[in-house]
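# Geometric and topological summary
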Amino acid sequence: MTDMKKDLVIIGGGPAGLSAAVSASREGAEDILIIERDTRLGGILNQCIHNGFGLHTFKEELTGPEYADRYIRQVEDGKIPYMLDTMVVDLAYDDGSGDKIITAMNAKDGLFTISAKAVILAMGCRERPRGALNIPGFRPSGIYSAGTAQYYVNMEGRMPGRKVVILGSGDIGLIMARRMTYEGAKVLCVAELQPYSGGLKRNIVQCLDDFGIPLLLSHTVVDIKGKKRLEGVTIAEVDENRKPIPGTEVFYECDTLLLSCGLIPENELSGKLGVRMNGVTGGAYVNESLETSVPGVYACGNVLHVHDLVDYVSGEADMAGKNAAAFILGRTGTDDGNVINIKTENGVRYSVPSVVRPALMGNTLTVRFRVGNEYRDKDLAVYLNGKQLMRLPKRVMAPGEMEQIVLVKSKVEEIIAASEAKEHEVVIRVEDKA
Amino acid sequence: MTDVAVIGAGVTGSAVARELSRYDLEIVVLEKESDVCEGTSKANSGIVHSGYDAKPGTYKARFNVEGNRLIHELSKELDFPFKENGSLVLALEEDGRAGLEELLERGRKNGVPGLRIVERDELKKMEPNVSDSAVCALYAPTGGVVCPFNMNIALAENAADNGVTFRFNTEVTSIEKKNDEEGRGYYRIETTGGHVDARIVVNAAGVYADVFHNMVSGDRIHITPRKGQYCLMDKTAGGIVSHTLFQLPTKLGKGVLVTPTVHGNLMAGPTADDVDDKEDTSTTAAGLDTVLSRGALSVVSMPRMTITSFAGLRAHEDGGDFIIGEVKDAPGFIDAAGIESPGLTAAPAIGVYIAGLIRDILKPCEKEDFIGTRKGIPSMALADEEERKALIEADPAYSHVICRCELVTEGEIRNAITRTLGATTVDGVKRRTRAGMGRCQAGFCLARTIPILAELLGKSEEEITKSGAGSYYINGNIKDEL
Amino acid sequence: MDIRELTCIRCPIGCHISVEMEEGKVVNITGNSCPRGAEYAASEVTDPVRTVTSLVRLKGGARPVVSVKTAGNVPKDRMMDVVAALKEVELEAPVHIGDVALRDVAGTGIDVVVTANA
């Protein structure tokens, strides 16, 4: 016996969870609950006070809190219930009923359980720590992930340091270079191990170039000085194998090192549920409905794979919400047994979704992916059962920018109809210009 | 006049203090850092060695085997995490068999129970991910893993609960032998926080033990800091092995170990490089590379999932053995010096032994009200449903998660700060609760831990440090310098 | 003649654009691969502007600060003047998205507005 029954529980009240809730409600799901661990809805958007959000979704440039507010208002207007300050600590599958059992806790209700017909995983992601980079040296205070510094500055109005070096040119790092400068700190440089930036071009121009902050591509931190508080870092150039080149070391005196070296989907709960994971994304392995290997459990947003734009998170979550509603209402449609596995190769690192049941896909299906290197003047080629589906010329593709293709149902069905087998394969790859 | 002054609140000093606190004595522990467990005790393998490694007849052999036996009970009495997972010394080449047999023989002489050599098939069953080049292994069922922080903390807390005074941020600068008016000897210890006079001094100062020894004795000792570097990996990698895997030393070197930690992470290390600076706990690119590449020899495939790396300094004395006992030309000055591996395992036994020496000198009464047990901080992560409910009911702060990676709540952090010898720093909270030890390495919880420390210690957030003076985090408010 | 080099930010391609200027006027734009690039380059060299996002202090709120932005673009070379002008601003909770935090910031003619409900 659980303490509560719900049709749909959405774990996480950030951009993904909010959008999923709004869409599930719009599609007719009624008994929804959003569980948010923070004191307010909006997730990480609350600390992303810079602008640049919403160009796709709302055709205007909003700040993070403003973007979140657009969705929070829809949740409030739709009277979609949510719990704040509530942490989900366990997630299990009831073999008998097919219900998902959520164990959560908060100060008011203590520890309690909810059984839900469907669950949407929308827990977001966290930052990779220093250890993941194996930066040698001492371990003083003054080394923060860029997001931690962002929280200090933007949420608490506190300065985590005064003289700053940033390692990694991910977007949060670039944004923080500007934020720290605006608030009175001196940012000495941004070092990036790769020969290209991991962030958006507009952030390099508006957060670094505008303030004369150098971006050192193919550079990394090779030593950290300071036993108590950080006293400085040594930065060296790296060769094509990303190994530091002796003799290129330069010491930067600083009291703060910000790390912006990538994000990891936060999947502790997915693991407890036994969801099949994708080793490349660190997120769940999902089908065309964004459903995981556990029936009725969907994933969207950065817990599924790390996105570059929140607009894409909202779009993806909208689809997860819609499919979860269909699942609850018994409207998922009839499968004909055809399955398309999406294989990514030759520079394409992964795709979301990984598998498509063509009978259950919409008229079109957006497949998102990232490339593993910077490519210029290449083609993006997509094949289905060996037949070329599309070939898109690309001026530039980079790991920092998410790519997407759109599969058209009618075209897909036409090709698979020619095959006797039920198993099919889409291949997405980078190729030289045709 | 204090009866006993212990220099160093590492695991050895804390074990001595805890054993001494059974007696009616005035005991003070002097520690230069801001917390217990700040030196060698915080940066080691966390291994409870079974005792086959040390040469028979040495202090290392004796206290290792005794300490291993004591830790089983002690971990229950003082409520710190310990697991007897067993250890395996891998022979990675056929000609390693002789080396294993030598270790087996040594271990038998040292009184290590249950040692035997396991052949490849059995080894593969015990450790499916063991390297294909492992020919056979020495199996030591009494090998284990412990939380080195909480073992140290538990010993110190229990000592404090029994009346021992701990003085932190108190660095010993000189020690002088003196006589009182009745002609009884004592030591005057000058510190950065005034002097302490004590009948007995216990020198448990880790890599600095030679400095203090040589202040009172003409029979000089010399300690070399031997740096050991480690990589700690994500908990999702922790399951690849269940035993602690050592490598039989080869011509390539001493080898590094690969082990699950008591908390379920995977750890590899250490390197062994002598350094000059007793404070040089920096890691190096070459060292970390060695750890991962040598560690990889033990397993089929080494996960690339490092979440943090660190270095510790072992106190290696030139003679190679622990130096334990009263210094011949300095009566009442007792060394616990050169405590390198297997020092963590040996500490409880060293504590019992040195307390015995002091009992024989001072002849104190045993306390009737000695508290033999200590309760650790409840862990929401490890608690079952009923325990979790009870904790939250008693204090709703146990429902408020501060560290998401390790599921550590505000209740646990408050407990860690307010209990006996409570945490005063972010590292102190981390070592007591594991907040910040997970895969994001405090990226999320740091900013939530600092305000709790500030509130409970009555300090400003600017005054909260990572590990004592100088290691501040916050530096004023936004726009201060515009 | 003066040549200004810049990176276009209108799309991920990031074209390197050269703008030839004469007496403060654009005479030629090269390197762009679309008209949006030319448009960006022309405005960037003659009248570069930015939206500034920052914080002001907040009294009586759940947090000590609240986020703000310039309601319109301000000249790029005035960005630091804008944030400096915000140093003395303190609002009182509750505040709402769109509330004016400071009128005509640093003489730019642009208001600074609150971007969060707090």
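Residues numbered from 1 in each chain as written. Chains lettered and ligands numbered in written order. Predicted model: local features only at pLDDT ≥ 70, side-chain atom pairs only at ≥ 80, totals over all residues.

### Re the overall build of chain B
Heads up, the condition is: A run of DSSP states H or I qualifies as a helix once it reaches four residues; a run of E qualifies as a strand once it reaches two. Both are numbered from the N-terminal end. Just to be clear, the radius of gyration here is over C-alpha atoms, and the globule rule we use is 2.2 Å times residues to the power 0.38. Buried residues are those with 20 or more other C-beta atoms within 10 Å of their own C-beta, exposed residues have 12 or fewer, and partly exposed residues lie in between; C-beta atoms are placed from the backbone.
For chain B, the count of helices and strands is 13 helices and 22 strands. Relative to a compact globule of 482 residues, whose C-alpha radius of gyration would be 23 Å, chain B shows 23 Å and is just as compact. Projected onto the principal axes, the alpha-carbon positions of chain B cover approximately 70 × 60 × 50 Å. Classification of the 482 residues of chain B by burial places 59% in the buried group.

### A word on the overall build of chain A
Put simply, the rule reads: Remark: residues whose backbone-derived C-beta atoms lie within 7 Å of one another are considered to be in contact.
The number of helices and strands found in chain A is eight helices and 27 strands. Relative to the 2.2 N^0.38 estimate, which gives 22 Å for 434 residues, the radius of gyration of chain A is 23 Å and therefore close to what a compact globule would have. Dimensions of chain A, computed from C-alpha atoms along their principal axes, come out at roughly 65 × 60 × 40 Å. A total of 434 residues make up chain A; the buried ones form 56% of that total. By sequence separation, contacts in chain A at least 24 residues apart represent 65% of the contacts at least 6 residues apart.

### Digging into the domain arrangement of chain B
By a frequent convention, interface size equals the accessible area lost on bringing the separate parts together. For the record, the criterion: Domains are outlined according to an automatic or database domain assignment.
Domain boundaries assigned for chain B yield domain 1 (2–41 + 149–222 + 320–362), domain 2 (87–141 + 224–315) and domain 3 (385–463). Each of domain 2 of chain B and domain 3 of chain B was reduced to a C-alpha centroid, and the two centroids are 32 Å apart.

### Some points on helix H5 (residues 148–161) of chain B
All names here are of chain B. For clarity, the cut-off: Expected helix span is computed as 1.5 Å times (number of residues minus one).
Here H5 is 14 residues long and its end C-alpha atoms lie 20 Å apart, about the 20 Å a rise of 1.5 Å per residue gives. A large share of H5 lies buried, amounting to 13 of its 14 residues. Positive backbone phi, at 100°, marks Gly163, one or two positions downstream of H5.

### A look at the packing of helix H1 (residues 11–20) of chain B against helix H9 (residues 343–362) of chain B
Residue and element names in this part refer to chain B. Using the following cut-off: Axes here refer to lines fitted to C-alpha atoms; in helices the fit is confined to the stretch in contact. Angles between the N-to-C directions go from 0 to 180 degrees. Each angle gets one of four labels, with under 35 degrees taken as roughly parallel, over 145 as roughly antiparallel, 65 to 115 as roughly perpendicular, and the rest as oblique. Handedness of each helix crossing follows the sense of rotation of the near helix against the far helix: counterclockwise by less than a right angle gives left-handed, clockwise gives right-handed. For this classification, Asp, Glu, Lys and Arg are treated as charged, while Ala, Val, Leu, Ile, Met, Phe, Trp, Tyr, Cys and Pro are nonpolar and the rest, including Gly, are polar.
Orientation of H1 relative to H9, taken along the N-to-C sense of each, is 40°, at an axis distance of 8 Å. On the basis of the axis angle, H1 is oblique to H9. The element H1 and its partner H9 pack so that their crossing is right-handed. Across the interface between the two elements, Val11, Thr12, Ala15, Val16, Arg18, Glu19 and Leu20 from H1 touch Gly343, Leu344, Ala347, Pro348, Ile350, Gly351, Val352, Ile354, Ala355 and Ile358 from H9. Tallied by class, residues from the contact of H1 with H9 come to twelve nonpolar, three polar and two charged.

### Observations regarding the environment of Ala132 of chain A
Relative to the assigned elements, Ala132 of chain A resides in the loop between strand E9 (125–127) and strand E10 (143–145). Considered as a pair, Ala132 of chain A and Ile204 of chain A are 72 residues apart in the sequence and their alpha carbons are 24 Å apart. Aside from chain neighbours lying at most four places away, what touches Ala132 of chain A is Cys261 of chain A together with Thr306 and Ile307 of chain B.

### Regarding unusual backbone geometry
Along the chain, Val352 of chain A connects to Pro353 of chain A via a cis peptide bond; the corresponding omega equals 0°. Its place among the elements puts Pro353 of chain A in the loop between strand E21 (348–352) and strand E22 (355–356). A cis geometry characterises the amide bond from Gly269 of chain B onward to Pro270 of chain B, with omega recorded as -10°. Checked against the element boundaries, Pro270 of chain B lands in the loop between strand E16 (266–269) and strand E17 (273–274).

### A few points about the sheet that holds E10 of chain A
Residues and elements named next belong to chain A. Quick note on the threshold: Pairing between strands requires that DSSP locate at least two bridges from one strand to the other.
In spatial order, the strands read E10-E17-E11-E12-E13; together these five strands make up an open sheet with parallel pairing. The sheet terminates laterally at E10 and strand E13 (215–217), the two strands that pair on one side only. Neighbour to neighbour, the strand axes of the sheet diverge by 20° on average, direction disregarded. In this structure, strand E12 (residues 186–192) lies alongside E13, joined through three bridges in parallel fashion. Paired with Ala191 across the two strands is Leu216, which belongs to E13. Taken strand by strand, helix H3 (residues 146–156) contacts E10 and strand E17 (256–259), and its axis lies near 90° from that of E10. Relative to the sheet, helix H4 (residues 171–182) contacts strand E11 (163–167), E12 and E17, its axis offset from that of E12 by approximately 170°.

### Quick notes on the sheet that holds strand E2 (residues 16–22) of chain C
Residue and element names in this part refer to chain C. The strand order across the open sheet formed by three strands is E1-E2-E3, and the pairing between neighbours is antiparallel. Because the sheet does not close on itself, it has two edges, and the strands there are strand E1 (2–7) and strand E3 (25–30). Strand-to-strand twist of the sheet, defined as the mean angle between neighbouring strand axes without regard to direction, takes the value 25°. Pairing analysis gives five bridges linking E2 to E3, with the strands arranged antiparallel. Across the sheet, residue Ser18 finds its bridge partner in E3, namely Thr30. In the packing of helix H1 (residues 35–46) onto the sheet, contacts are made with E1, E2 and E3, and the angle to E3 comes to roughly 145°.

### Re the interface of chain B and chain A
Listed as interface residues are 45 residues of chain B and, on the opposing side, 41 residues of chain A. Of all elements in the fold, only helix H8 (285–295), strand E18 (306–317), helix H10 (385–394) and helix H13 (446–457) of chain B reach the threshold of two or more residues within the side of chain B that touches chain A. In the side of chain B that touches chain A, the residues fall into 17 nonpolar, 17 polar and eleven charged.

### Thoughts on the domain arrangement of chain A
All names here are of chain A. For chain A, the assigned domains read domain 1 (4–126 + 264–332), domain 2 (129–261) and domain 3 (343–431). Computed over C-alpha atoms, the centres of domain 1 and domain 3 are 26 Å apart. For the side of domain 1 that touches domain 3, the residue count by class is six nonpolar, seven polar and two charged.

### Re the interface of chain A and chain C
Contacts between chain A and chain C engage 21 residues on the former and 23 residues on the latter. Of all the secondary structure elements, the ones that give two or more residues to the side of chain A that touches chain C are helix H2 (64–77), H3, helix H5 (201–208) and strand E25 (387–397) of chain A. The class makeup of the residues in the side of chain A that touches chain C is seven nonpolar, six polar and eight charged.

### Digging into the nonpolar core
Operational definition: For this analysis, nonpolar core means a set of buried Ala, Val, Leu, Ile, Met, Phe, Trp, Tyr and Cys residues linked through C-beta atoms within 7 Å.
Ranked by internal contacts, the top residues of the largest apolar core, which has 210 residues, are Ile120 and Leu121 of chain A. Considering every element that reaches this core, the biggest residue donor is helix H7 (residues 310–328) of chain A, with nine residues. Ile27, Leu155, Ala160 and Ile334 of chain B belong to the second largest nonpolar core, which has 81 residues in total.

### Structural notes on the packing of H4 of chain A against H5 of chain A
All names here are of chain A. Interhelical geometry of H4 versus H5 gives an angle of 20° and a closest axis separation of 8 Å. Comparing their axes, H5 and H4 come out roughly parallel. Of the two elements, H4 crosses H5, and the hand of that crossing is left-handed. Of H5, the residues touching H4 (which contributes Asp171, Leu174, Ile175, Ala177 and Arg178) are Asn203, Ile204, Cys207 and Leu208. For the contact of H4 with H5, a count of residues per class yields six nonpolar, one polar and two charged.

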